[in-house]
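# Descriptive analysis of the structure
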Amino acid sequence: MTAFVVMSFNIAKTYIDIDWSIVEDALRWLASIQTQEGTFNEVGRVTEANVRGGVGSTKYSLTAYVLIAFLEIEDIAAKHRQTVDKSITFLERNFYSITNPYDLALATYVLSLSGRPKREDFLSKLLEKSISDRELIERYWQVPSVNVEIAGYALLSLVVSDDLFHITDGLPVLRWLNSNCFVVGGFPGTQDIFVGLKALTKFTAKKSSHRNEYRVILTGQHNLYAFRSTFYFDRDNSMYILNYILPNDIRQFDVHIVGIGSGYLEVAYDYYLNIQMSRQNFRLAVQMLNITTCHVQHLKICVKDTPEKSSSLSNMAFVEVFFPSGMVVEADGVEDLSNAIRKTELQFAGTSVVVYYDNLGPEEKCFKVISYRKYKVAVHRPAYVVVYDYYDRDRFAIKTYDKVMQLCDTCEDEDWLALYYGGLKQEQEKIGFF
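Quick look at the structure, then. (Residues numbered from 1 in each chain as written. Predicted model: local features only at pLDDT ≥ 70, side-chain atom pairs only at ≥ 80, totals over all residues. Heavy atoms only, no water.)

Below, the discussion takes up the overall build of the protein chain. Of the regular secondary structure elements, the protein chain holds 14 helices and 14 strands. A buried classification covers 42% of the 434 residues belonging to the protein chain. Taking contacts inside the protein chain between residues at least 6 apart in sequence as the whole, the part at least 24 apart equals 66%. In the form shown here, the protein chain has an accessible surface area of approximately 25200 Å², with 51% of it arising from carbon and sulfur atoms. (Helix = DSSP H or I, 4+ residues; strand = E, 2+ residues; numbered from the N terminus. Buried < 20%, exposed > 50% of the residue type's maximum accessible area, 1.4 Å probe, protein only. Contact = heavy atoms within 4.5 Å. Areas by Shrake-Rupley, 256 points an atom, 1.4 Å probe, with all protein chains shown as cover.)

Before going further, it helps to spend a moment on the packing of aromatic side chains. According to the stated counting rule, one finds 14 aromatic pairs in the structure shown. Judged by centre distance (6.0 Å) and plane angle (45°), the rings of phenylalanine 318 and tyrosine 356 are tilted. Highlighted residues: phenylalanine 318 in strand β8 (residues 317–322) and tyrosine 356 in strand β11 (residues 352–357), separated in sequence by 38 residues. What makes phenylalanine 318 buried here is its relative accessible area of 7%. Grouped by ring-pair contacts, the aromatic residues Phe318, Tyr356, Tyr388, Tyr390 and Phe396 constitute a single cluster. Of note, lysine 118 hangs over the ring of phenylalanine 95, and the distance from its end group to the ring centre comes to 4.7 Å. For the cation-ring pair, arginine 395 lies above phenylalanine 282, with the distance from its terminal atom to the ring centre recorded as 4.8 Å. (Phe/Tyr/Trp six-rings, centres within 6.5 Å; stacked < 30°, edge-to-face > 60°. Lys NZ or Arg CZ within 6 Å of the ring centre and 35° of its normal.)

Within a beta sheet, neighbouring strands are joined by backbone hydrogen bonds and run either parallel or antiparallel to one another. Spatially, the four strands line up as an open sheet ordered β6-β7-β12-β9, and their pairing is antiparallel. Every other strand in the sheet has two partners, leaving β6 (282–288) and β9 (327–336) as the edge strands with one partner each. Across the sheet, the axes of successive neighbouring strands diverge by a mean angle of 25°, strand direction being ignored. Sheet topology places β9 next to strand β12 (residues 365–373); six bridges connect them, and they run antiparallel. Paired with valine 328 across the bridge in β12 is tyrosine 372. (Pairing = 2+ DSSP bridges. Axes fitted to C-alpha atoms, helices over the stretch in contact; angles between N-to-C directions.)

Attention shifts here to the nonpolar core. Of all hydrophobic cores here, the largest spans 66 residues; its most connected members are Leu27, Phe70, Val110, Tyr153 and Leu177. Looking at this core element by element, the count peaks at 10 residues for helix α4 (residues 59–71). When near neighbours in sequence (up to four residues on either side) are disregarded, tyrosine 153 contacts Tyr65, Ile68, Ala105, Leu106, Tyr109 and Val195. Ranked by size, the runner-up nonpolar core spans 23 residues in total, among them Ile341, Phe367, Ala397 and Tyr401. (Core = buried A, V, L, I, M, F, W, Y, C linked by side-chain atoms within 4.5 Å.)

The next point concerns the environment of tryptophan 29. If you trace the backbone, tryptophan 29 turns up in helix α2 (residues 20–32). Each C-alpha atom of the pair tryptophan 29 and threonine 2 lies 9.1 Å from the other, and the pair is 27 residues apart in sequence. Those residues in contact with tryptophan 29 that sit more than four places away from it in its chain are Thr2 and Val43.

Here the focus is the environment of valine 296. Turning to its location among the elements, valine 296 is positioned in strand β7 (residues 296–305). Spatially, the C-alpha atoms of valine 296 and lysine 374 are 9.7 Å apart, while their sequence positions differ by 78 residues. Every residue in contact with valine 296, bar those within four places of it in the chain, is listed here: Met327, Ile370, Ser371 and Tyr372.

Tallying each qualifying case throughout the model produces one disulfide. Through a disulfide, cysteine 302 is tied to cysteine 366; the S-S separation comes to 2.0 Å. Taking the sign of the S-S torsion, about 110° here, the bridge from cysteine 302 to cysteine 366 comes out right-handed. Pair noted here: cysteine 302 is in strand β7 and cysteine 366 is in strand β12, with a separation of 64 residues, a long-range link. Overall, the relative accessible area of 8% leaves cysteine 302 in the buried class. Given the relative accessible area of 9%, cysteine 366 is considered buried. (Disulfide = S-S within 2.5 Å.)

For the rest of this paragraph, the subject is the packing of α4 against helix α7 (residues 101–114). α7 packs onto α4 with a crossing angle of 30° between their chain directions and a minimal axis gap of 9 Å. Our classification of the angle between α4 and α7 gives roughly parallel. Regarding α4 and α7, the two cross each other, and that crossing is left-handed. Between α4 and α7, the contacting residues are Tyr60, Ser61, Ala64, Tyr65, Leu67, Ile68 and Leu71 on the first element and Tyr102, Asp103, Leu106, Ala107, Tyr109, Val110 and Leu113 on the second. Here the residues of the contact of α4 with α7 sort into 12 nonpolar, one polar and one charged. (Parallel < 35°, antiparallel > 145°, perpendicular 65-115°, else oblique. Left-handed = near helix turned anticlockwise from the far one by under 90°. Nonpolar A, V, L, I, M, F, W, Y, C, P; charged D, E, K, R; others polar.)

Our focus in this paragraph is a nonpolar patch on the surface. Taken together, the side chains of Val255, Ile257, Leu265 and Val267 define a hydrophobic patch exposed on the protein surface, amounting to about 360 Å² of accessible area. Its place among the elements puts isoleucine 257 in strand β5 (residues 253–260). Since its relative accessible area comes to 58%, isoleucine 257 is described here as exposed. (Patch = residues over 30% accessible without salt bridge, like charges linked within 9 Å, V, L, I, M, F, W, Y side chains within 5 Å. Salt bridge = Lys/Arg side-chain N within 4 Å of Asp/Glu carboxyl O.)

Pairing within the open sheet is antiparallel, and its three strands lie in the order β4-β3-β5. The outermost strands of the open sheet, each flanked by one partner alone, are β4 (225–234) and β5. Each neighbouring strand pair of the sheet contributes to a mean axis angle of 15°, computed without reference to strand direction.

Our next topic: the pattern of salt bridges. Going through the model one piece at a time under the given rule, you end up with 12 salt bridges. When the shortest N-O distance is used, the salt bridge between aspartate 305 and arginine 395 registers 2.8 Å. In this pair, aspartate 305 is assigned in strand β7 and arginine 395 in the loop between β13 (383–389) and β14 (396–401), connecting sequence segments 90 residues apart. Here arginine 342 ties to aspartate 358 by a salt bridge, and the two come within 3.3 Å at their closest N and O atoms. With a gap of 16 residues between them, arginine 342 in strand β10 (residues 341–347) and aspartate 358 in the loop between β11 and β12 connect regions that are remote in the sequence. Owing to a relative accessible area of 32%, aspartate 358 belongs among the partly exposed residues under this scheme. When salt bridges that share partners are traced, they join Arg81, Asp85, Glu92 and Arg116 into one network.

Written out as structure tokens, the structure reads:
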């Protein structure tokens, strides 16, 4: 975490005032905990696993990560030359032992920053472990949860070099990173965002846009009419993002590019996904207690993780409870049965509540939640409860529950009679009695 903060402050100093003595003190402390071997060991515990990404899984990745904090600040690296050299020598000495792509990616970036001759060997070994298509359109590393970080460090390593061949070799990595970036920008995890965006921006800055002089022409058929839209790019607007919203019913269109230069074209689309049919990563149980009435709903909810290793814990997780229409929860409506809730949060005027946990493991954690009828709604659709890993939204579980009230439970006598006979009349009209 200390190294991460140092790197963050180094980037932030361009935009805000930073007390640089904090950075210098942090790096002095890091230097003081270096081992005789040249490695760095984790001190303390990082609560949010996603903040650390893959760092710390081995002594190689943590040592390389700390070294990056020193090497990205040139004057600091010079002050701590002995510390830096000792750790770089440790990585070079273990070249054949470093086989994990993540460890190798960080070590390669360190060697590239340092300018050591061994950097080419590390880079070649890293690229050999990559996956690419035949046309070399994209290049990536198939390592779950850290593939964005690996690609980011690989691209940074290629950017650091002044070799034009290396810059060109980075294009397939750039394309893969762009294709895995969120439409609104960014990546799933903290380290993914930090490394991925840094790699993309440094590559863009390295690749000159002075020769850009081209236009992009979109053409297609919309209903009975043809559409055409043209975008012009030159050295003055190459860094801008231009958007064009296609008609909703377009399924095919053509792109024509005329001129010289480089750029990136992305097609983004939205769709709905029935997550109830997806694989559930948590064990979620929702029980409506017998004391529930048409005025007060009592739920007992239990959740636990289903990790591959029994000792593993998830990242911070949250359980979101949605209530049937007309039901709301009050601020004190959640009762913690496991003494593990970090905080609760009401949303949408009390029509849902979010319960946060620091983490979830194989042991079940439970709570009760009470909601009250605020508005009369006669026929309810099923409500649902969902649990998410806070930093990895692909890990979730969802359960629905029914709270269907009869008309006579909801309405007063005269309201019920009006609804009942009104509904009966409509049904009879359909079959021709009236």
